[in-house]
Amino acid sequence: MRVPLLDLTEQYRALAEPIQAAIDAVLRSQRFILGPQVKAFEKAIRAYCDSPHAIGVSSGTDALLAILMALGIGRDDAVITTPYTFFATAGCIARTGAKPVLVDIDPETYNISPSAIQEYIEKNCRSGSNDELKTRGGKNVRAIIPVHLFGLCCEMDAIHQISEHYQLDVIEDAAQAIGAEYPLGERTAKAGAMGEVGFFSFYPSKNLGAAGDAGMIICRDAGLAKELRILRDQGMEPRYHHHVIGGNFRLDEIQAAILAVKLPYLERWSAARRDAADFYRAEFSRAGLVKKVVLPAEPYRNRGLTNHHIYHQYVIRTPRRDALREHLTKREIETAIYYPIGLHEQKAFSYLGYKKGDFPETERATRETLALPIYPEITREAQRYVVNAIVEFFG
Ligand SMILES: *Cc1c(COP(=O)(O)O)cnc(C)c1O
């Protein structure tokens, strides 16, 4: 039996007709840029996330770059994030000229550790003359980018406490977490919508995937939303009057039309992913494997949330990761490593001066974690086959 990490063909088969009709309608209209489809999809995302503003953009990466630009973050500034994430999170910080400041993760959730943020600030920062937070190198610490990795929200209560105390902006990287929920104070909040601003990626393999690249920013403040709309379109308002230097960060009509067809199914898909995760857990315990492999943490389960985790990835850990992966490959089970290298050890970031050993939990995660196949349509038979192959490996 061959088990792919992700198989989107079944999902497309079920929606082929409405998706083709949506594409056809855009083609007939010959309106491709910032038209009714983008407007309608932005409206649908506002409703889904309960967020007052949504701005469709060309990718998750461009979403983050535009947000940092709109907040005026640049070469005098520093932004705190995690070394255990996709490159773009810190890449965008660097592209504005600001300095990415990395802090280690929580080993249970793989998300940025709030206590590591606090410790970094206490040990390495001081107050400037206007009470602003300064790094040792004299940069202004402006923001924190928590990444809701694999579909599990960061500990946002603790992160908000820190951001409020030091007056930092919080930009949620919800690229992997659309629809994920978190018990924020007394209420249930959705990933991306927990603070001032957040963003999603609709890269085809994300939980809500386009037929190409696409992204979305959501935010609370009308002024910030207006600035983002201008930045998305070359800093232009009205036509050919350029206020600021923006970019071409536009979402196109065909992608918006496709995403609008798919969004109503997202809750069903998230539920199917959660069910698949529950089945993995049951099978792993039945096989007596829970002492051999560490299953994903579910810290917000039983907190009255529906999507306490949306399982963009189902990530297990074991010190024997590489050998296990080889064994699964032989059994035609596809797996992936997210991520094999921490950002602090990436060549592109060598100028930041970090070294091996700086983030021990991130480094341990890069050596020990393995993503198993998960997607809404995965069959129980395929999942049993995966678990049995892991049982076989551990003997
Ligand atoms: C996918 C992803 C991005 C970038 O999104 P693109 O749409 O591919 O540009 C950013 N951050 C994280 C955590 C991601 O997984």
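Because the structure is a prediction, the values reported are computed rather than measured.

Visitor: Kindly report on the nonpolar core, identifying the contributing residues and their values.
Guide: Within the largest apolar cluster, 61 residues are counted, with the highest numbers of intra-cluster contacts made by F41, I45, I80, I121 and F202. Here this core spans two domains, since at least three of its residues come from each of domain 1 (9-264) and domain 2 (266-394). Within the second largest apolar cluster, 28 residues are counted, among which are V57, A70, L224 and L231.

Visitor: Account for the packing of helix α9 (residues 266-286) against helix α12 (residues 380-394), with residues named and values stated.
Guide: In contact at an axis separation of 10 Å, α9 and α12 are set at 35 degrees when each is read in the N-to-C sense. Considering the relative orientation of α9 and α12, their crossing is right-handed. Judged by residue contacts, D275, A276, F279, Y280, E283, F284 and R286 of α9 engage R380, Q383, R384, V386, V387, N388 and I390 from α12. Grouping the constituent residues of the contact of α9 with α12 by class yields seven nonpolar, two polar and five charged.

Visitor: Summarise the side chain of Q11; cite the residues concerned and give the values.
Guide: In this fold, Q11 is placed in helix α1 (residues 9-29). Q11 has contacts with K262, W269 and E377, leaving out every residue within four places of it along the chain.

Visitor: So what's going on with the packing of α1 against helix α8 (residues 253-262)? Residues and values would help.
Guide: Across the interface, α1 lies against α8 with an axial gap of 9 Å and an inter-helix angle of 140 degrees. In terms of orientation, α1 and α8 fall into the oblique class. Of the two elements, α1 crosses α8, and the hand of that crossing is right-handed. Two secondary-structure elements touch here, α1 through Q11, L15, P18, I19, A22, I23, V26 and L27 and α8 through E253, I254, A257, I258, V261 and K262. Grouping the constituent residues of the contact of α1 with α8 by class yields 11 nonpolar, one polar and two charged.

Visitor: Talk me through a nonpolar patch on the surface; I want residue IDs and the actual numbers.
Guide: There is a patch of nonpolar side chains on the surface, built from L27, F32 and I33 and spanning about 240 Å² of accessible area. Within the element layout of this structure, F32 appears in the loop between α1 and α2 (36-49). Judged by its relative accessible area of 31%, F32 is partly exposed.

Visitor: Can you explain the site of the ligand? Please cite residues and give values.
Guide: Near the ligand there are 13 residues, and of these G60, T61, D173, S201 and K206 occur at the shortest range. One nitrogen or oxygen atom from the side chain of T61 is found 2.5 Å from an oxygen atom belonging to the ligand. Between the ligand and D173 there is a distance of 2.8 Å, counted from a nitrogen atom to a side-chain nitrogen or oxygen. Protein chains shield 92% of the accessible area of the ligand, which is 380 Å² for the free molecule. Class assignment for the residues of the shell around the ligand results in four nonpolar, seven polar and two charged.

Visitor: Describe the side chain of T89, with residues and values.
Guide: By the element assignment, T89 lies in helix α4 (residues 87-95). The residues touching T89, leaving out its near neighbours within four places in the chain, are L64, T81, I145, V147 and D173.

Visitor: Kindly report on the pairing of strand β8 (residues 181-184), identifying the contributing residues and their values.
Guide: Within a regular beta strand, the side chains point alternately toward one face of the sheet and then the other, so they alternate between its two faces. Neither face of β8 is open: one carries E181 and P183, the other Y182 and L184, and all of them are buried. Counting the residues between successive antiparallel strands, the hairpin from β8 to strand β9 (residues 187-190) contains two residues, one of them, G185, with a positive phi of roughly 55 degrees.

Visitor: Explain the domain arrangement of the protein to me, and be specific about the residues and the numbers.
Guide: Each domain of the protein was delimited in the assignment, giving domain 1 (9-264) and domain 2 (266-394). For domain 1 and domain 2, the distance between their C-alpha centres works out to 24 Å. Taken together, the contact between domain 1 and domain 2 spans 47 residues of the former and 39 residues of the latter. For the pair domain 1 and domain 2, the two sides together bury roughly 3800 Å², of which 63% comes from carbon and sulfur. Area buried by domain 1 at its contact with domain 2 is led by Y84, F150 and N207, which between them contribute 19% of it.

Visitor: I'd like a rundown of the packing of aromatic side chains, residues and numbers included.
Guide: Tallied over the entire structure, the rule returns 14 aromatic pairs. Taking 5.5 Å as the distance between ring centres and 65 degrees as the angle between the ring planes, the aromatic pair formed by F41 and F202 counts as edge-to-face. Of this pair, F41 sits in helix α2 while F202 sits in the loop between β10 (197-201) and β11 (215-219), and the two are 161 residues apart along the sequence.

Visitor: Would you mind going over unusual backbone geometry in detail, with residue names and values included?
Guide: Comment: phi is negative for the bulk of residues other than glycine, and the bulk of peptide bonds are trans. With an omega dihedral of -10 degrees, the bond running from E237 to P238 counts as a cis peptide bond. Its location among the elements puts P238 in the loop between α7 (222-232) and α8. In this structure, Y339 follows Y338 across a cis peptide bond, with omega equal to 0 degrees. Note on placement: Y339 falls in the loop between α10 (321-330) and α11 (360-368). We note that D50 has phi near 55 degrees; this positive angle belongs to a residue other than glycine. Inspection of the secondary structure assignment puts D50 in the loop between α2 and β1 (53-57). The exposure class of D50 is exposed, given its relative accessible area of 62%. Its identity is not glycine, yet F150 carries a phi of approximately 65 degrees, on the positive side. Tracing the backbone through its elements, the reader meets F150 in the loop between β6 (140-144) and α6 (156-166). F150 gets classed as buried once you look at its relative accessible area, which sits at 4%.

Conventions adopted
- Residues numbered from 1 in each chain as written.
- Predicted model: local features only at pLDDT ≥ 70, side-chain atom pairs only at ≥ 80, totals over all residues.
- Heavy atoms only, no water.
- Core = buried A, V, L, I, M, F, W, Y, C linked by side-chain atoms within 4.5 Å.
- Buried < 20%, exposed > 50% of the residue type's maximum accessible area, 1.4 Å probe, protein only.
- Domains from an automatic or database assignment.
- Axes fitted to C-alpha atoms, helices over the stretch in contact; angles between N-to-C directions.
- Helix = DSSP H or I, 4+ residues; strand = E, 2+ residues; numbered from the N terminus.
- Left-handed = near helix turned anticlockwise from the far one by under 90°.
- Contact = heavy atoms within 4.5 Å.
- Nonpolar A, V, L, I, M, F, W, Y, C, P; charged D, E, K, R; others polar.
- Parallel < 35°, antiparallel > 145°, perpendicular 65-115°, else oblique.
- Patch = residues over 30% accessible without salt bridge, like charges linked within 9 Å, V, L, I, M, F, W, Y side chains within 5 Å.
- Areas by Shrake-Rupley, 256 points an atom, 1.4 Å probe, with all protein chains shown as cover.
- Salt bridge = Lys/Arg side-chain N within 4 Å of Asp/Glu carboxyl O.
- Near = heavy atom within 4 Å.
- Polar contact = N/O pair within 3.5 Å; in protein donor to acceptor, adjacent residues only side chain to side chain.
- Pairing = 2+ DSSP bridges.
- Buried area = accessible area lost by both parts, 1.4 Å probe.
- Phe/Tyr/Trp six-rings, centres within 6.5 Å; stacked < 30°, edge-to-face > 60°.

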